[in-house]
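The residues making up each chain are set out below.
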Amino acid sequence: MSIPIAPGVFDILPGEAKELWRSTHLWIYLESIIRKIAAEYAFQEIRTPLFERVELFKRGVGESSDIVSKEMYEFEDKGGRAMSLRPEGTAPVMRAFIENRLDQAAPLQKLFYIGPMFRYERSQAGRYRQHHQFGAEVIGSSAAEQDAECIDLLYTLYNRLGLSHLSVQINSIGDTASRSAFRSALVDYFRRYAGSLSEDSKTRLEQNPLRILDSKDPEDKKIAQGAPNIFDFLNEECRAHFQAVQTLLKQLKIPFEVNPLLVRGLDYYNQTVFEVTAGELGAQNSLAGGGRYDGLLKTLSGPDLPAIGFGTGLERIIQTMLKQQVPLPKPFAPEIFLIAMGEEAKLACFSLLHQLRSCGIPSQMDFSQRKLGKVMQYAHQIGAAHVIVMGENELKTETVEVKRMDTGEKSAYPLAELALRLQQQLQLVKL
Ligand code: HAM
């Protein structure tokens, strides 16, 4: 009996996968654009392990958050240590920052990562147990420009990918003092409706009442409409910071909405928080989430430095690109497919194959020596752009014909010049 894949995860496959969003070439395309934009915005890549000590997420992300309390893949390693597959990327980057003393390398660190995150979620469309994030984290700046730069980076990425109909929502959840006053007011307010709140929100009332504000439960939503407003609790500094972020976003012509109910599900946030949603994604419509987390490094026994960042799900980006029918690349396929007829031609073709590749031309050769018709069929199946058949005649005349698979058009080339001339003529994929 064959062993099926674990629930909630998926394979990414070459060619056009049955569910198109799982096709490798789309992932490589997206990742290449991300890397290009990250470089333009002067972010540097960091890679941290896929698992960390459980304690990092408990202390960093917060025990009351869903991803830590309900969704972590926890295990004990053979040394008896409590470990977890990473449910998110911010706490691991902070751990690496502290451990490697990155603050001593430069006063401002702009870091990014691309990689899998693991959450034991109820599997449904758009929610996976292994998903992939592009995340960015900036450590060492409390400037409003830094908040705006992060949102600009995200928005520019989506724009460059051709996405439209996006909604950028921002909010400020204040600093510790303003949030604590707000929290008390929320508890007083929601207590009055405790009987009507969902079970989840009843628990949140004690642990993290702010989270009731972004509950998806219809009754909770109704009650939340009348809840106290965070803006009445922000002090002057938080207010000015949030105002400055908005002015900068307007200057960059990034459309946004202020949503006082946006609080985000992870405990480390303060001041600016934001989310980007795309209507096409349905219920799981969040493309990205992020915000400031000025106290996190200190909570993890690191230096007291301000920080801000975001994470955006690659699955959801690709799914949105497909739904919005933006122009996308084709799967990878060889430019040249070589077919040899006879032993002598086989040797010559094998050298030519190496020569073509040395000139950067993606090429493949038939080693099977099946019937010409079958081999042509295979070349077609793998999407080869051109075919060269080499036999006695081609060897004698030292000339080959390059046949375009789409139009059938043929062009003759002297064998000795073939690789160099094709290199000049073909538009080659630059990775
Ligand atoms: P998050 O909102 O939990 O934030 O996740 C960020 C993004 O990852 C979401 O907007 C969504 O696109 C994607 N995502 C999350 N869970 C899943 C899932 N189960 N299946 C598919 N996609 C998913 C964070 O993780 C923070 N670390 C972001 C951050 C970085 N804040 C500051 N710095």
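Structural notes, computed from the coordinates. (Residues numbered from 1 in each chain as written. Predicted model: local features only at pLDDT ≥ 70, side-chain atom pairs only at ≥ 80, totals over all residues. Heavy atoms only, no water.)

The next thing to look at is the site of the ligand. By nearness alone, 25 residues border the ligand, and Glu88, Glu121, Glu137, Tyr269 and Ser286 come closest of all. In the model, a nitrogen atom of the ligand is placed 2.9 Å from a nitrogen or oxygen of the Thr90 side chain. A distance of 3.2 Å separates an oxygen atom of the ligand from a polar atom in the backbone of Gly313. Coverage of the ligand by the protein chains reaches 96% of its 660 Å² of free accessible surface. Of all the secondary structure elements, the ones that give two or more residues to the shell around the ligand are strand E6 (130-139), strand E10 (286-292) and strand E11 (307-313). Counted by class, the shell around the ligand contains 8 nonpolar, 10 polar and 7 charged residues. (Near = heavy atom within 4 Å. Polar contact = N/O pair within 3.5 Å; in protein donor to acceptor, adjacent residues only side chain to side chain. Areas by Shrake-Rupley, 256 points an atom, 1.4 Å probe, with all protein chains shown as cover. Helix = DSSP H or I, 4+ residues; strand = E, 2+ residues; numbered from the N terminus. Nonpolar A, V, L, I, M, F, W, Y, C, P; charged D, E, K, R; others polar.)

Structurally, Ala194 can be placed in the loop between helix H7 (176-191) and helix H8 (199-207). On the basis of relative accessible area, Ala194 is assigned to the partly exposed category, the value being 25%. The spacing of Ala194 and Leu205 is 11 residues in sequence and 8.3 Å in space, taken between C-alpha atoms. Those residues in contact with Ala194 that sit more than four places away from it in its chain are Lys202 and Leu205. (Buried < 20%, exposed > 50% of the residue type's maximum accessible area, 1.4 Å probe, protein only. Contact = heavy atoms within 4.5 Å.)

Quick look at the sheet that holds strand E2 (residues 51-53) now. Strand order in the open sheet formed by 3 strands is E2-E4-E3, with antiparallel pairing between adjacent strands. Every other strand in the sheet has two partners, leaving E2 and strand E3 (74-76) as the edge strands with one partner each. Recorded for the sheet is a direction-independent mean angle of 35 degrees between the axes of neighbouring strands. Of the pairings in the sheet, the one linking E2 to strand E4 (residues 82-85) comprises 3 bridges and is antiparallel in character. (Pairing = 2+ DSSP bridges. Axes fitted to C-alpha atoms, helices over the stretch in contact; angles between N-to-C directions.)

Worth remembering: the numbers are spatial, not functional.
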